[in-house]
Amino acid sequence: MFRFPRRQVLAVAGVTTALVLAGCSGEDAAPEPAPQAPPAAAAGPQVSGEFNEADVAFATEMIPHHQQAVDMAALAVEKSGSEKVKALALKIRDAQDAEMAQLSGMLEVWGQQPPEDPGLDHGGHAGMVTDADMMALESASGPEFDAKFIELMTRHHEGAVKVADTEKANGKNPQAKELAGRISQDQQAELGELKSF
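Every residue gets a number counted from 1 within its own chain, in the order that chain's sequence is written. Local features in this predicted model are restricted to residues of pLDDT 70 or higher, and side-chain atom pairs are both shown and tallied only at a pLDDT of 80 or more, whereas totals for entire chains, interfaces and linings draw on every residue. Just so you know, side-chain values use all the structure's heavy atoms and leave hydrogens and water out.

1. Brief notes about the nonpolar core
Next, step 1: Here the nonpolar core consists of buried residues drawn from Ala, Val, Leu, Ile, Met, Phe, Trp, Tyr and Cys, with membership extended through side-chain atoms lying within 4.5 Å. Residue burial is assigned from relative accessible area. The probe radius is 1.4 Å, only protein chains are included, and a residue is buried under 20% of its type maximum, exposed over 50%, and partly exposed in between. Among the nonpolar cores identified, the biggest contains 21 residues, and M72, A76, L137, F145, F149, M153 and L194 are the most heavily contacted of them.
Next, step 2: Those elements that place two or more of their residues in this core are α2 (53-79), α3 (83-109), α4 (131-139), α5 (142-170) and α6 (174-196).
Next, step 3: In terms of residue count, α5 provides more of this core than any other element does, six residues in total.
Next, step 4: Excluding residues within four positions of it along the chain, A76 makes contact with V85, K86, A89, F145 and F149.
Next, step 5: Counting residues in hydrophobic clusters, the runner-up holds 18 residues, among them V56, F58, A59 and L103. Where helices and strands are cited, they refer to DSSP runs of H or I of at least four residues and of E of at least two residues respectively, numbered from the N terminus. Note on contacts: a residue pair qualifies if any of its non-hydrogen atoms lie within 4.5 Å across the two residues.

Put into structure tokens, the structure is as follows:
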């Protein structure tokens, strides 16, 4: 059986002990950084409590408006025969889902009640699709579906732009006005896509 010479064992043991002691002493080791709170920006923008009736009308009207667009987009993903239509539908769904959450959060901060079931409100607001139109869309498929979807979503987006532009003109809350500006800009860009099909 091979054995290390005694002097080598003692030298290795001495080096190991020195390293362990240096690590325990903390003299050469960098101190652990203290945990810090995340910056305010990481938590998302704070919604101002300042609002007026136009802000509340914008949020309560835009939530069911967006919900209907999300419902139409879900149908497009399932029934469309066009990959371009499906891709646009997914983009609409993702953007408007996030915006509905933001709008609901604003209403909560303002002490206002969001719509109880925004999926049931299929009329009465700018560009909203009627129940009959939704039933026709649900029963269509392929190219017939695509033509109907493009027609209805175009009208729907035009209505949303009007609602957003009204908020930009009459609203008081800075976050609501900023969101309205983004909705108007994004939906005008999507109108360009819809008209290109």
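Once the structure has been displayed, the description carries forward.
2. Some thoughts on the confidence of the model for the chain
Next, step 1: Per residue, pLDDT measures the predictor's confidence, with a range of 0 to 100. Per-residue pLDDT for the chain averages 81, and the proportion of residues at 70 or more is 73%.
Next, step 2: Note that residues 1-44 has pLDDT below 50 and, in this model, one contact with residues that lie over four places away or in other chains.

3. Observations concerning the packing of aromatic side chains
Here a ring pair, both rings aromatic, is described through the centre-centre distance and the interplanar angle of the planes.
Next, step 1: Whether two aromatic rings pair depends on their centres lying within 6.5 Å, for rings of Phe, Tyr and Trp, where Trp uses its six-membered ring; planes under 30 degrees apart make the pair stacked, over 60 edge-to-face, and the rest tilted. Within this structure, the stated rule accounts for two aromatic pairs.
Next, step 2: For the pair F51 and W110, a centre-to-centre distance of 5.2 Å together with 20° between the ring planes defines the contact as stacked. With F51 in the loop between α1 (6-25) and α2 and W110 in the loop between α3 and α4, this pair connects stretches of sequence that are 59 residues apart.
Next, step 3: Between F145 and F149 the ring centres are 5.9 Å apart and the planes differ by 15°, which places this aromatic pair in the stacked class. Here F145 pairs with F149, and both are found in helix α5, just four residues apart, close to one helical turn.

4. A look at the packing of α2 against α5
Next, step 1: Contact geometry for α2 and α5: axes closest at 10 Å, N-to-C directions at 165°. Relative to α5, the element α2 is oriented roughly antiparallel. Seen along the crossing, α2 lies across α5 with a hand that is left-handed.
Next, step 2: Gly falls in the polar group here, along with every residue not listed as nonpolar (Ala, Val, Leu, Ile, Met, Phe, Trp, Tyr, Cys, Pro) or charged (Asp, Glu, Lys, Arg). Classifying every residue of the contact of α2 with α5 by side-chain character gives 15 nonpolar, six polar and four charged. Axis angles are defined between N-to-C directions and span 0 to 180 degrees, where every axis is a line fitted to C-alpha atoms and, for a helix, only to the segment in contact. To sort the angles, those under 35 degrees are grouped as roughly parallel, those over 145 as roughly antiparallel, those from 65 to 115 as roughly perpendicular, and the leftovers as oblique. Handedness of a helix crossing follows the sense of rotation of the near helix relative to the far helix, less than a right angle counterclockwise being left-handed and clockwise being right-handed.

5. Considering the environment of K195
Next, step 1: Tracing the backbone shows K195 in helix α6.
Next, step 2: By relative accessible area, which is 57% here, K195 ends up exposed.
Next, step 3: Not counting the four nearest positions on each side in its chain, K195 is found in contact with T154 and E158.

6. Looking at the pattern of salt bridges
Next, step 1: Criterion for a salt bridge: a side-chain nitrogen of Lys or Arg within 4 Å of a carboxyl oxygen of Asp or Glu. Counted according to the given criterion, the structure contains ten salt bridges.
Next, step 2: K148 is the partner of D133 in a salt bridge, and the nearest nitrogen-oxygen pair spans 3.7 Å. Taken together, the residues span a long stretch of sequence, with D133 in helix α4 and K148 in helix α5 at a distance of 15 residues.
Next, step 3: Here R155 and E151 are joined by a salt bridge, their closest N and O atoms 3.7 Å apart. Taken together, the positions of R155 and E151, both in helix α5 and four residues apart, correspond to about one turn of that helix.
Next, step 4: By relative accessible area, which is 30% here, R155 ends up partly exposed.
Next, step 5: A network of salt bridges, in which partner residues are shared, links D133, K148, E151 and R155.

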